[in-house]
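Results of the structural survey
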Amino acid sequence: MVAAGAALADEVGFDGLTMGLLAERVGVRTPSLYKHVGSQQDLNRRIAALALNEAADAVGGAVHGHAGRDALTAAARAFRAFVLAHPGRYAATIGLEPFGPDDPPATAEQRLLGAFTAVLRGYPLPESDVDHALRMLRSLWHGFATLQADDGFRWSADIDESFEWLITFADRGLRAMSELPGRGARVQH
């Protein structure tokens, strides 16, 4: 049921996903859905966990065997491709408040953060900068991919060229931050 809900969210948009629409899609009456999910909120949380795990698999698989800029490029491209292919299910992950550290969306989010933290190992950043660097990467990749998915780039510059420019910008920024005086020891994870 969750996979069907995620596919429907990709099709109609996360805000358009309802239990009634899902029931219609899978050919059952709405009350029958409650044998599989507890509520709309439960469905949304399960879709978010699915999406975060899928994104973690995509990014983690892409960066495996790469370091530095190559890992950054692979992670950025994989994340963007995931968001563009699955905009509805990805939207389920935004603003989700985990119930606790063992909540499935929270553990899935940690897997995704782990993949991006692996990328940062290729940069000599101090441990104190890791959270800042993760937020920067999330902001860049999330912002670009969601704007593109919403057709937010309507001018003449090639979108792929802009994305590669953004990767270069992030790579140079990470390298420059690691070279500032007094930045401490690099990430050890």
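Model, not experiment: these values are computed from the prediction.

Observations regarding the packing of helix α5 (residues 68–85) against helix α8 (residues 130–149)
Running from N to C, α5 and α8 cross one another at 35 degrees; their axes reach a closest spacing of 9 Å. The handedness of the crossing between α5 and α8 comes out as right-handed. Only L137, W141, H142, F144, A145, T146, Q148 and A149 of α8 make contact with α5, whose side of the interface consists of L72, A76, F79, R80, V83 and L84. Taken together, the residues of the contact of α5 with α8 break down into 10 nonpolar, 3 polar and 1 charged.

Describing α5
If you check α5, its first and last C-alpha atoms are 26 Å apart, about what 18 residues at 1.5 Å a residue would give, namely 26 Å. Of all the positions in α5, only G68, A71, L72, T73, A74, A75, A76, A78, F79, R80, F82 and V83 are classed as buried. As for α5, its buried residues are in contact with α4 (40–63), α6 (87–91), α7 (104–120), α8 and α9 (159–178).

As for the pattern of salt bridges
When their charged atoms lie close together, side chains carrying opposite charge are able to pair. Applying the stated rule across the entire model yields 10 salt bridges. A salt bridge links R46 to D42; its shortest N-O distance comes to 3.1 Å. Of this pair, R46 and D42 both sit in helix α4, 4 residues apart, which is roughly one turn of that helix. Taking relative accessible area as the criterion, D42 reaches 22% and is therefore assigned partly exposed. Between D57 and R111 there is a salt bridge, with its nearest N and O atoms 2.4 Å apart. Residue D57 is located in helix α4, and its partner R111 is located in helix α7; the two are separated by 54 residues in the primary sequence.

Some points on the layout of surface pockets
A volume near 280 Å³ is recorded for the largest pocket. If you go around the largest pocket, the residues you meet are L52, F79, E109, L112, L113, F116, D131, L134, R135, L137, R138 and W141. Mapped onto the lining of the largest pocket, the elements with two or more residues apiece are α7 and α8. Its residues assigned to classes, the lining of the largest pocket shows 8 nonpolar, no polar and 4 charged.

Rules of the game
- Residues numbered from 1 in each chain as written.
- Predicted model: local features only at pLDDT ≥ 70, side-chain atom pairs only at ≥ 80, totals over all residues.
- Heavy atoms only, no water.
- Axes fitted to C-alpha atoms, helices over the stretch in contact; angles between N-to-C directions.
- Helix = DSSP H or I, 4+ residues; strand = E, 2+ residues; numbered from the N terminus.
- Left-handed = near helix turned anticlockwise from the far one by under 90°.
- Contact = heavy atoms within 4.5 Å.
- Nonpolar A, V, L, I, M, F, W, Y, C, P; charged D, E, K, R; others polar.
- Expected span 1.5 Å × (residues − 1).
- Buried < 20%, exposed > 50% of the residue type's maximum accessible area, 1.4 Å probe, protein only.
- Salt bridge = Lys/Arg side-chain N within 4 Å of Asp/Glu carboxyl O.
- 1 Å grid on protein atoms, 1.4 Å probe; cavity = no way out; pocket = protein on both sides within 12 Å on 5 of 7 lines; lining within 4 Å.
- Points joined across faces, edges and corners; volume = space filled by probe spheres on them.

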